[in-house]
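# Secondary and tertiary structure notes
What follows is the residue order along each chain.
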Amino acid sequence: MKLYIETLGCAMNMRDSEHMIAELNSKEGYDLTDEPQEADLILINTCSVREKPERKLFSEIGQFAKIKKPGAKIGICGCTASHMGEEIIKKAPSVNFVLGARNISKISEVIHKNKAVEVGIDYDDSTYVFDTSRNTGVKALLNISIGCDKKCAYCIVPHTRGREISIPSDMIVSEAKKLAQSGVKELMLLGQNVNNYGARFSVQHKIINFAGLLREISNIDGIERIRFTSPHPLHMDDEFLEEFARNPKVCKSIHMPLQSGSSNILKKMRRGYTKEWYINRVQKLQSLLPNVGIGTDIIVGFPGESDEDFEHTMDVLRKVEFDTLYSFVYSPRPHTESYLWGDEEKVPQEIASARLAKLQSTHREILSTKAKKEIGKRHQVLIENIKETEGSFSEGRSDNGKVIKIPDEVFKIGDIVSVEVIHSEGGSLIGKHIR
Ligand code: SAH
Ligand code: SF4
Ligand code: F3S
């Protein structure tokens, strides 16, 4: 039996897909294929955080329905499955089942039930998402919590993934040990709010916070690097920042989702912090770690965003000099607070697009200036990608998150090598191996 799976959205969805692949392989004997025409089961693991990908879903289902083998099944999983449920089957009768992001443990049941819809968000999937058996390389994703307890006004995720539950720390540690034994060197800890870890468990549990969890994981032999996504700026207290800075296994690059630089807009978004708090946290971090890499997510054109509000966002962009930026025009989503607001505060599409373009071009300029300043610096690079044929190179990430390409040298994937940056091309870094 062959499985074709398409995964959209964030790292949580990637991890969920890994689980479903492992489950379908061990319980039902499915092997992966890259060809949907060959598959007996086609899964789309969907994302609903913005409207556009969701609109594309139905044309995609139509395409798969046309090319699939007779008798092959189509299943829609993930966040769009959670929030549209049965409506998906009504709109697209070729779909055999719908499985929400909180219900992935039921994958091997639903494939046998025609027109099954499993989308409950109160369902406790927190220990299943922990099941083992998967293909591992040098890097692995590891869930530490599921769901999200925040109520950001624009965001559909709490509706699709339900309330936040932390996974017991002894399970996380024993899974991390197994991964280390199978050759994993770098762990990416996953949750919508990782630094709120420990707020709620579904079982009796000792008191532990995210800094404590980082300490426990970093004691594991073989795990060389720990990353995590996403932390929330509101929970970046001193204990967290100090653990982040001092723990030698924790990579010195961090995602700090800003969303907006305007305190007015942050309040309307219900982010729980102000521009000043955000900058204060960045300054604290940079005082502990002058070379820290910082990435962010920014939404432009949130309802009521004035030119002045947007200038505050630009101001934070210039002050922080982010290393990575994911930026989006606000997209109204059903089941969110801001969806219900009237049209009077809506930012016209042309204005929002112009703001996005300005934000992105300024960010590119900042990156290219920053890249020039990297020349001469030395980094430990974990090799993640190699090309052995003509034009050979190795490529990997430094501990502070910078991607560095090393031309004419072929290392092994998983090697950690010393590299000096020798020049920059735009925002990209080119280095040479220091022996
Ligand atoms: N838990 C993470 C975010 C998960 S959603 C956090 O709090 O940062 C990933 C990103 O999608 C968000 O950071 C946000 O920038 C973006 N996003 C979420 N809802 C959106 C919407 N309605 N319109 C545009 N972008 C949105
Ligand atoms: Fe969405 Fe906010 Fe939760 Fe992030 S913290 S997933 S933006 S509700
Ligand atoms: Fe998308 Fe769901 Fe992740 S909406 S961003 S796949 S949590």
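Being a predicted model, the structure only gives us computed values, none of them experimental.

### As for the environment of Ile76
Note on placement: Ile76 falls in strand β4 (residues 73-78). Linking Ile76 and Ser94, residues 18 residues apart in sequence, is a C-alpha distance of 11 Å. Once residues lying within four places of it in the same chain are set aside, the contact partners of Ile76 are Ile44, Thr46, Leu57, Ile61, Ala81, Ile88, Val95, Phe97, Val98 and Leu99.

### Quick look at the site of ligand 2
Within the structure, ligand 2 sits among Cys148, Lys150, Cys152, Tyr154, Cys155, Val157, Pro158, Gln192, Asn193, His232 and Arg271. Its residues placed into classes, the shell around ligand 2 shows 6 nonpolar, 3 polar and 2 charged.

### A few points about the environment of Leu258
Summarising the element assignment, Leu258 is placed in the loop between β12 (253-255) and α10 (263-269). Relative accessible area serves as the criterion here: at 0%, Leu258 is assigned to the buried category. Considered as a pair, Leu258 and Tyr273 are 15 residues apart in the sequence and their alpha carbons are 9.6 Å apart. If we skip the residues at most four places from it in the chain, Leu258 touches Leu266, Tyr273, Tyr278, Thr296, Asp297, Ile298, Val316 and Phe322.

### Points about the UniProt feature "binding site: [4Fe-4S] cluster 1" (unreviewed entry) in the chain
Here the UniProt-annotated "binding site: [4Fe-4S] cluster 1" (unreviewed entry) positions come out as Cys10, Cys47 and Cys79. A stretch of 70 residues holds the annotated residues, and the largest C-alpha distance among them is 10.5 Å, short enough that they meet in one place. By secondary structure assignment, the location of Cys10 is in the loop between β1 (2-7) and α1 (11-28). Relative accessible area serves as the criterion here: at 35%, Cys10 is assigned to the partly exposed category. Looking at the secondary structure, you find Cys79 in helix α3 (residues 79-84). Excluding anything up to four places from it in sequence, Cys79 contacts Thr46, Cys47, Ser48, Ala101, Thr160 and Arg161.

### So, the site of ligand 1
Close to ligand 1 lie 15 residues, the nearest being Tyr154, Gln192, Gln259, Asp297 and Ser331. Backbone polar atom of Ser331 to a nitrogen atom of ligand 1: 2.7 Å apart, as the coordinates give it. Within the complex, 90% of the 540 Å² of free accessible area of ligand 1 lies under protein. For the shell around ligand 1, the secondary structure elements donating two or more residues are β13 (293-300) and β14 (324-329).

### Let's talk about the layout of surface pockets
If you add up the space inside the second largest pocket, you get close to 470 Å³. Around the second largest pocket, the lining comprises 22 residues; the ones closest to its centre are Val329, Tyr330, Ser331, Pro332 and Gln349. Going through the elements one at a time, α2 (51-67), β14 and α13 (349-374) are the ones with two or more residues in the lining of the second largest pocket. A per-class count over the lining of the second largest pocket returns 10 nonpolar, 6 polar and 6 charged.

### Some points on α2
Here α2 contains 17 residues, and its C-alpha end-to-end distance of 26 Å stays within 8% of the 24 Å for a straight helix at 1.5 Å per residue. Along its length, α2 reaches its greatest deviation from straightness, about 30°, at Phe58. Turning to α2, its buried residues are Glu54, Leu57, Ile61 and Phe64.

Thresholds, definitions, all that
- Residues numbered from 1 in each chain as written.
- Chains lettered and ligands numbered in written order.
- Predicted model: local features only at pLDDT ≥ 70, side-chain atom pairs only at ≥ 80, totals over all residues.
- Heavy atoms only, no water.
- Helix = DSSP H or I, 4+ residues; strand = E, 2+ residues; numbered from the N terminus.
- Contact = heavy atoms within 4.5 Å.
- Near = heavy atom within 4 Å.
- Nonpolar A, V, L, I, M, F, W, Y, C, P; charged D, E, K, R; others polar.
- Buried < 20%, exposed > 50% of the residue type's maximum accessible area, 1.4 Å probe, protein only.
- UniProt positions renumbered as here; feature names shortened; annotations may be inferred.
- Polar contact = N/O pair within 3.5 Å; in protein donor to acceptor, adjacent residues only side chain to side chain.
- Areas by Shrake-Rupley, 256 points an atom, 1.4 Å probe, with all protein chains shown as cover.
- 1 Å grid on protein atoms, 1.4 Å probe; cavity = no way out; pocket = protein on both sides within 12 Å on 5 of 7 lines; lining within 4 Å.
- Points joined across faces, edges and corners; volume = space filled by probe spheres on them.
- Expected span 1.5 Å × (residues − 1).
- Bend = angle between axes of the 7 residues up to and from the residue.

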